[in-house]
Amino acid sequence: MPPKPPSAAELLHLHGRDLAKGDPIAPPITLASMFHLPGLPDGGHFYGRAGGPTWDVLEAALAHLEAAPTLVFPSGMAAITAALLPHLRSGDRVLLPSDGYYVTRRLCHDVLARFGVEVEERTTAAYAEGGFDGFRIVFVESPSNPGLDLSDIAAISAEVRAAGGLTVVDNTTMTPFGQRPLELGADIVVSADTKASGGHSDVLMGHASTRDADLLAEMTRWRTVSGSIPGPFESWLLHRSLETLELRFARMCDSAGIIAERLAAHPAVAALRYPGLASDPAHALARAQMARPGFLIGATFASAEVAERVIDACACLRPATSFGGVHSSAERRARWGDAVPEGFVRFSIGCEPVEELWAALEAALP
Ligand SMILES: *Cc1c(COP(=O)(O)O)cnc(C)c1O
């Protein structure tokens, strides 16, 4: 059985429980760089780069979702940088999925490698082959994006810990309602909240969570000295989005399951990946570690032309990179050079009523 998702009811009442009479139910946006600071700087907020009231509300909500102390960052990549850079020294080795998020690989190869960090890659489907001896950080993305292969987070985390390394999991595609990497044994979980957590395609944010006090202290220091900080408005916007995340994610996963089954049975679809389908090669692992199978579907059409025509012809699909919005979107990933067939499309299923969405999609299929 996968670890249980966090309580969505508790999330909705987290902020309200501490209010005084007359306080607004919704948290205010506090725009502040300076804070009233007489005497010694011993406690409370003192400067906007180190913290502020709007972050506090958001970090409390995310800490509830991850069941771990949490730091917010101005993008997913800022969170990933914080989960990697402060924990690495020259000569350390990092393992990355070769089929994972492209920009994480660029960060490691183009930036960290210049400081003497050795970077290695393996495919997600065969991630454990070769073991994890000698790696300071093993970075996991499951499901991988865009191929939707899975790796066994609990088994990898246990092996990495025994070998003296750290496991960092990018949980962007799943959210805490779909998968709980820290419960599965990971040391740090990171997420691009730009995607489903934000969910309305209007904000970039990220977070990193850990139950290890030393790792948390290193990342906190990194954020303060690097200045990799989100603004109060973005923080407020993400907090507002989190209040409907469970609702949106449930609808998106339910719809994705139905759409995936129908696409798999359609003659225009040559191959289909969705971890929720019993026929998917990763289905057994999905059932063991994921609470929900997610909202991303990978479908391969006969050619790039057919794939582009389906995306363009469907009234309920936004042709866009990125994913996780309330509006369904789709993208032919080979246009970015991903190692997928020319006709491979990543669908991100949104919050449209599923029969309306399917009717629009079916009408666009050849
Ligand atoms: C989008 C994404 C990121 C980066 O997030 P940004 O907010 O764009 O910096 C990292 N990992 C995964 C899996 C993503 O999809």
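Note that the structure is a prediction, hence the values are computed from the model and not measured.

Quick look at the sheet that holds strand E2 (residues 93-97) now. On the basis of which strands lie adjacent, the open sheet formed by seven strands has the order E1-E7-E6-E5-E4-E2-E3 and mixed pairing. Each edge of the open sheet is held by one strand with a lone partner, namely strand E1 (70-73) and strand E3 (118-122). Pairs of neighbouring strands in the sheet enclose a mean axial angle of 20 degrees, with direction left out of account. Of the strands in this sheet, E1, strand E6 (188-192) and strand E7 (206-210) touch helix H2 (residues 53-66), which is tilted by about 125 degrees from E1. Strands in contact with helix H3 (residues 76-84) are E1, strand E4 (137-141), strand E5 (166-170), E6 and E7; relative to E6, the strand with the most contacts, it is inclined by about 160 degrees.

Turning next to the layout of surface pockets. Its boundaries defined by the atoms lining it, the largest pocket holds a volume of some 480 Å³. Lining the largest pocket are 22 residues; nearest its centre among them are Tyr102, Asn145, Pro146, Arg333 and Asp338. The greatest single-element share of the lining of the largest pocket, amounting to three residues, is contributed by helix H4 (residues 102-111). Looking at side-chain class alone, the lining of the largest pocket contains eight nonpolar, seven polar and seven charged residues. Shared between two domains, the lining of the largest pocket takes at least three residues from each, and those domains are domain 1 (8-242) and domain 2 (246-364). Each pocket or cavity is described by its volume, and for the second largest pocket that value is around 230 Å³. If you go around the second largest pocket, you meet 17 residues; those closest to its centre are Gly76, Met77, Tyr101, Ala192 and Lys195. Those elements giving two or more residues to the lining of the second largest pocket turn out to be H3 and E6. The dominant element in the lining of the second largest pocket, judged by the number of residues it contributes, is H3, at three residues. Split by residue class, the lining of the second largest pocket holds six nonpolar, eight polar and three charged.

What UniProt calls "modified residue: N6-(pyridoxal phosphate)lysine" (unreviewed entry) maps, in this numbering, to Lys195. If we skip the residues at most four places from it in the chain, lysine 195 touches Tyr101, Thr172, Ser322, Phe323 and Gly324.

Strands sit in the order E8-E9-E12-E11-E10 across an open sheet of five strands; the sheet is mixed. With one partner strand each, in any of the chains shown, strand E8 (271-273) and strand E10 (318-319) form the two edges of the open sheet. Of the strand pairs in this sheet, strand E11 (residues 329-332) and strand E12 (residues 344-348) are connected by four bridges, and their pairing is antiparallel. Looking at the pairing, arginine 332 lines up with valine 345 of E12. In this fold helix H8 (residues 245-264) packs onto E8, strand E9 (296-300) and E12, with an angle of close to 10 degrees to the strand it touches most, E9.

Turning next to the site of the ligand. Gly76, Met77, Asp170, Thr194 and Lys195 are the nearest of the 14 residues found near the ligand. One of the side-chain nitrogen or oxygen atoms of asparagine 145 is found 3.5 Å away from an oxygen atom of the ligand. Aspartate 170 is positioned with one of its side-chain polar atoms (N or O) 2.7 Å from a nitrogen atom of the ligand. Burial of the ligand by the protein amounts to 93% of the accessible area it has alone, namely 380 Å².

Enumeration over the complete set of coordinates arrives at three cavities of 30 Å³ or more. If you trace the largest cavity, you find it lined by Pro143, Leu148, Thr173, Met174, Pro275, Pro293, Gly294, Phe295 and Leu296. Looking at the lining of the largest cavity, its residues break down into seven nonpolar, two polar and no charged. Here the lining of the largest cavity spans two domains, since at least three of its residues come from each of domain 1 (8-242) and domain 2 (246-364).

Along the polypeptide, glutamine 179 turns up in the loop between E5 and E6. Reaching out from glutamine 179, the side chain makes a polar contact with the backbone oxygen of serine 142 at a distance of 2.8 Å.

Time to look at the pairing of E5. Burial runs high along E5: five of the five residues are buried. Of the two faces of E5, the one lined by Leu166, Val168 and Asp170 and the one lined by Thr167 and Val169 are each fully buried. One ladder, built from five bridges, connects E4 with E5; its direction is parallel. Bridge pairing links valine 138 to threonine 167 in E5. For the crossover from E4 across helix H5 (residues 153-162) to E5, the handedness is right-handed. Here E5 pairs with E6 via three bridges, running parallel. Counterpart to valine 169 in the pairing with E6 is valine 189.

Attention now moves to the domain arrangement of the protein chain. Here the protein chain is partitioned into domain 1 (8-242) and domain 2 (246-364). Just the C-alpha atoms count here: the centres of domain 1 and domain 2 sit 26 Å apart. Across the boundary between the two partners, domain 1 contributes 29 residues, which contact 30 residues of domain 2. Buried area between domain 1 and domain 2, both sides added, is near 2,300 Å², and the carbon and sulfur share of it is 62%. For the domain 1 face of the interface with domain 2, the top three residues by lost area are Pro146, Leu148 and Leu150, together amounting to 27%. Between domain 1 and domain 2 we count one salt bridge in total. With a closest N to O distance of 2.8 Å, arginine 273 and aspartate 149 form a salt bridge. The interface formed by domain 1 and domain 2 holds 12 residue pairs in polar contact (both at pLDDT 80 or more) in total.

Each value, and the rule that gives it
Residues numbered from 1 in each chain as written. Predicted model: local features only at pLDDT ≥ 70, side-chain atom pairs only at ≥ 80, totals over all residues. Heavy atoms only, no water. Pairing = 2+ DSSP bridges. Helix = DSSP H or I, 4+ residues; strand = E, 2+ residues; numbered from the N terminus. Axes fitted to C-alpha atoms, helices over the stretch in contact; angles between N-to-C directions. Contact = heavy atoms within 4.5 Å. 1 Å grid on protein atoms, 1.4 Å probe; cavity = no way out; pocket = protein on both sides within 12 Å on 5 of 7 lines; lining within 4 Å. Points joined across faces, edges and corners; volume = space filled by probe spheres on them. Nonpolar A, V, L, I, M, F, W, Y, C, P; charged D, E, K, R; others polar. Domains from an automatic or database assignment. UniProt positions renumbered as here; feature names shortened; annotations may be inferred. Near = heavy atom within 4 Å. Polar contact = N/O pair within 3.5 Å; in protein donor to acceptor, adjacent residues only side chain to side chain. Areas by Shrake-Rupley, 256 points an atom, 1.4 Å probe, with all protein chains shown as cover. Buried < 20%, exposed > 50% of the residue type's maximum accessible area, 1.4 Å probe, protein only. Right-handed = clockwise from strand over helix to strand, strands pointing away. Buried area = accessible area lost by both parts, 1.4 Å probe. Salt bridge = Lys/Arg side-chain N within 4 Å of Asp/Glu carboxyl O.

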